[in-house]
Amino acid sequence: MSRYIVKRFIQLAAVLFGISFLTFLLTYLSPGDPARLMLMSTGVTPSDELVQQVRLQLGLDQPFWIRYGTWLGQVLTGDFGTSYKYDRPVLDILLSRLPATLRLTGSALLLVILIAFPLGILSAVYRNNVLDYVIRLFSFAGLSMPSFWLGMLLMLVFGVQLKLLPVMGSSGWNSLILPACTLALPLIAQYIRQIRTVILEEMSQNYVTGARARGVKERVIMMQHILPNILLPIVTLMGMSTGALLGGAAIVESLFVWPGVGQMAVDAIFTRDYPLIQGYVIWMATIYVLLNLIVDLWTHLHDPRIRLDVDV
Amino acid sequence: MNSRYGKTLTLTILSLLILCIIAACGQTTSNTSTSSPAGDRTAEKDKDSSGAPTHLNVALFWLGSNLDPAEDWNGWTLTRAAIGETLIQFDENMKLVPKIADSWDRIDDTTWHFHIRDGVTFHNGNKVTADVVKKSIERSMELNERGQSTLPVASMTAEGQDLTIQTTEPYASLLGNIAEPLFVIVDTSADTSKFKSEPIATGPFMVTSYTPDQEIQVKKYDGYWDGAADVDTITFKYIKDDSTRALALQSGEIDVASNVGRSSLALFQDQSQYTIDEIPSLRTQFVWFNTKNPLLNEPDVRRAISYGIDREMYANTLVGGQAAKGPFTSALPFGYDQVKGYNYEPETAKKLLDEAGYEDIDGDGIREKDGQKLTLQLILNSAYESDSIVAAAMQSQLKEIGVNLEMTSYEDLTDHQKSGNYDLALTSINTGITGDPQYILDFYFKTGAEWNIGGYSNPKLDAVIQQLHSEFDVEKRYELAAEAQQMILDDAAYMFITYTPINIVSKSSVQGATMYPIDFYLLDRNIQVGQ
């Protein structure tokens, strides 16, 4: 197993290298000059001379390979560069933004677990019953709503009309509710469907029929046999969604003025803050790969039939 | 089976624990960085009763990287938030009025004298003298390239409350430039390394806490030279998204917001609840003609296009603001009243095109001459909603006079403009940033100027602009500016469309929130919350 982990870490390095190169290339090729955008951020048209000065200052006059090489060299020593906009180390900015995103992500995941599991199970147990239809309708609606629209709707209802919750900011625990719900609802909808499907699949297995024939109670079958078995696919799915959430759910964070990494990434893209974009991408990629690793290890522990070293 | 469960259980508990720790870390870290009180809204309700401290929540649509006025454009935030002040500033009519300097005069072509008002103190209680002002201006020039390019200072001398500035050349726009918030006066004897989060300036409000990219908290400065403000504390929240800003205003989380989106403005028409102050800004929406295109080299074709669009309708029903005549809005005293622009006269437009030899021979509605169709490429910036709306309206109106407009929008027009890869380029420009016409005339309209990308040239216009450089009499400057604008219009070298509106929306309980044409300013000591 330790050999496997070492192998995975080597893979991780290769993946990160590839991703960093690709993003560096893409940002390099994208239109818009960061120096000019920096100067134009307030609506003034800067002179060519001024733009040139800023370009020199930022090292933008260097050819692609030199810029990439310099950057990569620094990253390997733990220096992710300095943000153009904030003039602060990228790593500092990322770390200062992470807690907010973690808080939001944690709350959203908690909501998903607390709501999606019971509803998914109920929906499967009472298949084709009224309850099942109601739950499926809810999940269908949740899947169809784009998050920015859902967010605005929640803001309008709970912030403007009912004046129960703040529509923006991150002060106080109650400002967490609306963005967390906005993030969680589509996920809940998705999980309900997944959970329902896998439970139904499991229920049609022979061992369940056998257990029923032996007179084992339905509740016991569900708790002791079906649920442990469905955890496997659901955990894999959760690994992926956690990655996406930790990436910062940019739209939701921007909408609710939530000071996480997602909002930061959107800002960085608008201002062509290359070092910050690069740092963010590396963070995202690392999270995805690490989460995958954790899920794989978890799966192995849970079901040793899935042998790790075979599929390396 | 048991061991499998054991492992699963351990792993699950471990994961949950990690999640809790992470969440807990998040909570504490964020609590230290955000010092905003949890229940702003309830706090605000309490204050109305009587005697309790008054608090305002204000939305900022832009917040720079930190609060040091000498860096980037951060000074703008300081003047908007009434934290910092310049020597002189612009009023609602774009006239210069005294602030830290109570009088000034020009001694000769290159020498200016400012008298620093007695009794002005910094937020730390230190007195503002000419010497301190000198050091503050020097600091801005040293730290910001914009400082050197907008203030060509040869030397500065300070004596008591008298500051004398020698420029390297006759420089008529010095006054307007020194009013730019880059030159917010700060106490350089304080620890300037802290200015990024706590600048020591002279405004009616002083910073108590600053969270980068999120908010600034200020309290009133009791020693303010013009008398302490009525409002005790203000929280400035950075809300970039237009819809969120409007929703936060509706939900009552903020009391004052500027730049509320045009589509949201209708929500605040109820005067018993909100006050809207909307005026034309210094921003002009305008079009470059690429005169290197043979079709547009003919002034009559350009004139026809200028007559072919209905600016009044765009301003009144489509995007708001005011129909434009020349480059400078009516908010600027640069001769707007003396200039004659283009009205919507489709018949005149058709006549001009007929005379220029353009006729629709094949009956497809588009005119042609020598087999070449009058089809033009319009480029615009995808980020500005009002530009897209106007471009679409122009396209359909120009079709009526037989001109075909093809539109392409880009995130950044610069490369296409500079490479000449366009026929018409639509964008919005702030034309009054220095409070003087020279900068824009020099930059956009002179032959070979850096942003004269359409290749327009008129030697007579160049001569008038050159005259501006050495004309110090303000009224004469404005006359020259009017003359220059009329020449540009007569040549139809550019097409000016609308003057973009700006607004400030406040709850009706708030008094004294006025919109200035130049958006350096937002609040001042007169802001009040009604009982």
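Residues numbered from 1 in each chain as written. Chains lettered and ligands numbered in written order. Predicted model: local features only at pLDDT ≥ 70, side-chain atom pairs only at ≥ 80, totals over all residues. Heavy atoms only, no water.

1. Some details on the overall build of chain A
Next, step 1: Scanning chain A from N- to C-terminus turns up 13 helices and 0 strands.
Next, step 2: Of the regular secondary structure in chain A, the N- to C-terminal order runs α-α-α-α-α-α-α-α-α-α-α-α-α.
Next, step 3: Projecting the C-alpha coordinates of chain A onto the three principal axes gives extents of approximately 85 × 60 × 30 Å.
Next, step 4: Counting every position in chain A, which comprises 312 residues, the buried fraction comes to 50%.
Next, step 5: Surface exposure of chain A reaches about 15000 Å², of which carbon and sulfur atoms provide 68%.
Next, step 6: Of the charged side chains in chain A, 22 are positive and 18 negative, and the gap between their average positions amounts to 12 Å. (Helix = DSSP H or I, 4+ residues; strand = E, 2+ residues; numbered from the N terminus. Buried < 20%, exposed > 50% of the residue type's maximum accessible area, 1.4 Å probe, protein only. Areas by Shrake-Rupley, 256 points an atom, 1.4 Å probe, with all protein chains shown as cover. Lys, Arg positive; Asp, Glu negative; His and termini not counted. Charge placed at Lys NZ, Arg CZ, Asp CG, Glu CD.)

2. Quick notes on helix H4 (residues 64–76) of chain A
Next, step 1: Taking 1.5 Å of rise per residue, the 13 residues of H4(A) would be expected to cover 18 Å, and the 18 Å separating its terminal C-alpha atoms lies within 8% of that figure.
Next, step 2: Among the residues trailing H4(A), Gly78(A) stands out with phi positive, at a value near 85 degrees. (Expected span 1.5 Å × (residues − 1).)

3. Structural notes on the environment of Trp298(A)
Residues and elements named next belong to chain A.
Next, step 1: Secondary-structure assignment places tryptophan 298 in helix H13 (residues 274–302).
Next, step 2: Classification of tryptophan 298 as buried rests on a relative accessible area of 10%.
Next, step 3: Each C-alpha atom of the pair tryptophan 298 and threonine 236 lies 9.1 Å from the other, and the pair is 62 residues apart in sequence.

4. A few points about the pattern of salt bridges
Next, step 1: The tally for this structure, following the rule as stated, stands at 24 salt bridges over all chains.
Next, step 2: In this structure, the salt-bridge partner of Glu218(A) is Arg212(A), at a minimum N-O distance of 2.4 Å.
Next, step 3: Taking the relative accessible area as the measure of exposure, Glu218(A) reaches 44% and is therefore partly exposed.
Next, step 4: Arg212(A) gets classed as partly exposed once you look at its relative accessible area, which sits at 35%.
Next, step 5: Several salt bridges share partner residues, and in doing so they unite Asp362(B), Asp364(B), Glu368(B) and Lys373(B) into one network. (Salt bridge = Lys/Arg side-chain N within 4 Å of Asp/Glu carboxyl O.)

5. Brief notes about the nonpolar core
Across soluble globular proteins, nonpolar side chains show a tendency to be buried alongside one another.
Residue and element names in this part refer to chain B.
Next, step 1: In this structure, Leu87, Phe114, Ile137, Ile216 and Trp288 are the most contacted members of the largest nonpolar core, which totals 147 residues.
Next, step 2: Top element by residues in this core is helix H16 (residues 474–490). It accounts for 8 residues.
Next, step 3: Setting aside chain neighbours within four positions, we find isoleucine 216 in contact with Leu60, Leu63, Leu67, Thr77, Ile83, Val207, Ser209, Tyr210, Ile234, Thr235 and Phe236. (Core = buried A, V, L, I, M, F, W, Y, C linked by side-chain atoms within 4.5 Å. Contact = heavy atoms within 4.5 Å.)

6. Re the packing of aromatic side chains
Residues and elements named next belong to chain B.
Next, step 1: Across all of its chains, the model carries 35 aromatic pairs over all chains by this definition.
Next, step 2: With centroids separated by 4.9 Å and ring planes inclined at 75 degrees, the aromatic side chains of tyrosine 307 and tyrosine 342 adopt a geometry described as edge-to-face. Here tyrosine 307, found in helix H9 (residues 299–307), pairs with tyrosine 342, found in the loop between strand E13 (322–323) and helix H11 (346–355); they are 35 residues apart in sequence, far enough to count as distant. For the residue pair tyrosine 307 and tyrosine 342, the accessibility class agrees, reading buried in each case.
Next, step 3: Ring geometry for phenylalanine 520 against tyrosine 521: centres 5.7 Å apart, planes inclined by 85 degrees, an arrangement best described as edge-to-face.
Next, step 4: Assessed through its relative accessible area of 0%, phenylalanine 520 is described here as buried.
Next, step 5: Here tyrosine 521 falls in the buried class, since its relative accessible area comes to 3%.
Next, step 6: Site record: aromatic cluster; members linked through ring pairs are Phe286, Trp288, Tyr439, Phe443, Tyr444, Phe445, Trp451, Tyr456, Tyr494 and Phe496.
Next, step 7: It is lysine 325 that lies over the ring of tyrosine 336; its NZ or CZ is 4.5 Å from the centre.
Next, step 8: The residue whose ring lies beneath lysine 418 is tryptophan 451, and the NZ or CZ to ring-centre distance is 4.6 Å. (Phe/Tyr/Trp six-rings, centres within 6.5 Å; stacked < 30°, edge-to-face > 60°. Lys NZ or Arg CZ within 6 Å of the ring centre and 35° of its normal.)

7. Section: the sheet that holds strand E7 (residues 162–167) of chain B
Residue and element names in this part refer to chain B.
Next, step 1: Strand order in this open sheet of 4 strands is E4-E5-E7-E6, and the pairing throughout is antiparallel. Unpaired on one side and paired on the other, strand E4 (101–108) and strand E6 (153–159) mark the two borders of the sheet. In this sheet, neighbouring strand axes are inclined to one another by 15 degrees on average, regardless of whether the strands run parallel or antiparallel.
Next, step 2: Summarising the sheet, strand E5 (residues 111–116) and E7 pair through 5 bridges and their orientation is antiparallel. Bridge pairing in E7 places histidine 115 opposite aspartate 162. (Pairing = 2+ DSSP bridges. Axes fitted to C-alpha atoms, helices over the stretch in contact; angles between N-to-C directions.)

8. Focus on unusual backbone geometry
Next, step 1: Phi at Val257(A) is positive, roughly 50 degrees, even though this residue is not glycine.
Next, step 2: Tracing the chain through its elements places Val257(A) in the loop between helix H11 (250–255) and helix H12 (261–270).
Next, step 3: Although it is not a glycine, Asp370(B) sits at a positive phi angle of roughly 50 degrees.

9. Focus on the environment of Ser107(A)
Residues and elements named next belong to chain A.
Next, step 1: Among the structural elements, serine 107 can be located in helix H5 (residues 90–125).
Next, step 2: Serine 107 gets classed as buried once you look at its relative accessible area, which sits at 17%.
Next, step 3: Put simply, serine 107 and isoleucine 135 are 28 residues apart on the chain and 22 Å apart in space, counted from C-alpha to C-alpha.

10. Overview of a negative patch on the surface
Next, step 1: Side chains of Asp473(B), Glu475(B), Glu479(B) and Glu483(B) sit close together on the surface and give a patch of like negative charge.
Next, step 2: Examined against the element boundaries, Glu475(B) turns out to sit in helix H16. (Patch = residues over 30% accessible without salt bridge, like charges linked within 9 Å, V, L, I, M, F, W, Y side chains within 5 Å.)

11. Observations concerning the confidence of the model for chain B
All names here are of chain B.
Next, step 1: Residue-level pLDDT values for chain B average 87, and 90% of them are 70 or greater.
Next, step 2: Within the model, the stretch residues 16–49 combines pLDDT values under 50 with 42 contacts to residues more than four positions away or in other chains.
Next, step 3: For this predicted complex, the interface confidence score (ipTM) comes to 0.74, while the overall pTM stands at 0.78. (pLDDT = per-residue confidence, 0-100.)

12. Overview of H12(A)
Residues and elements named next belong to chain A.
Next, step 1: Within H12, 7 of the 10 residues are buried, leaving the element largely enclosed by the surrounding structure.
Next, step 2: For H12, the complete set of buried residues consists of Val261, Gly262, Gln263, Met264, Ala265, Asp267 and Ala268.
Next, step 3: Each element contacted by the buried residues of H12 is listed here: H5, helix H10 (218–246), H11 and H13.

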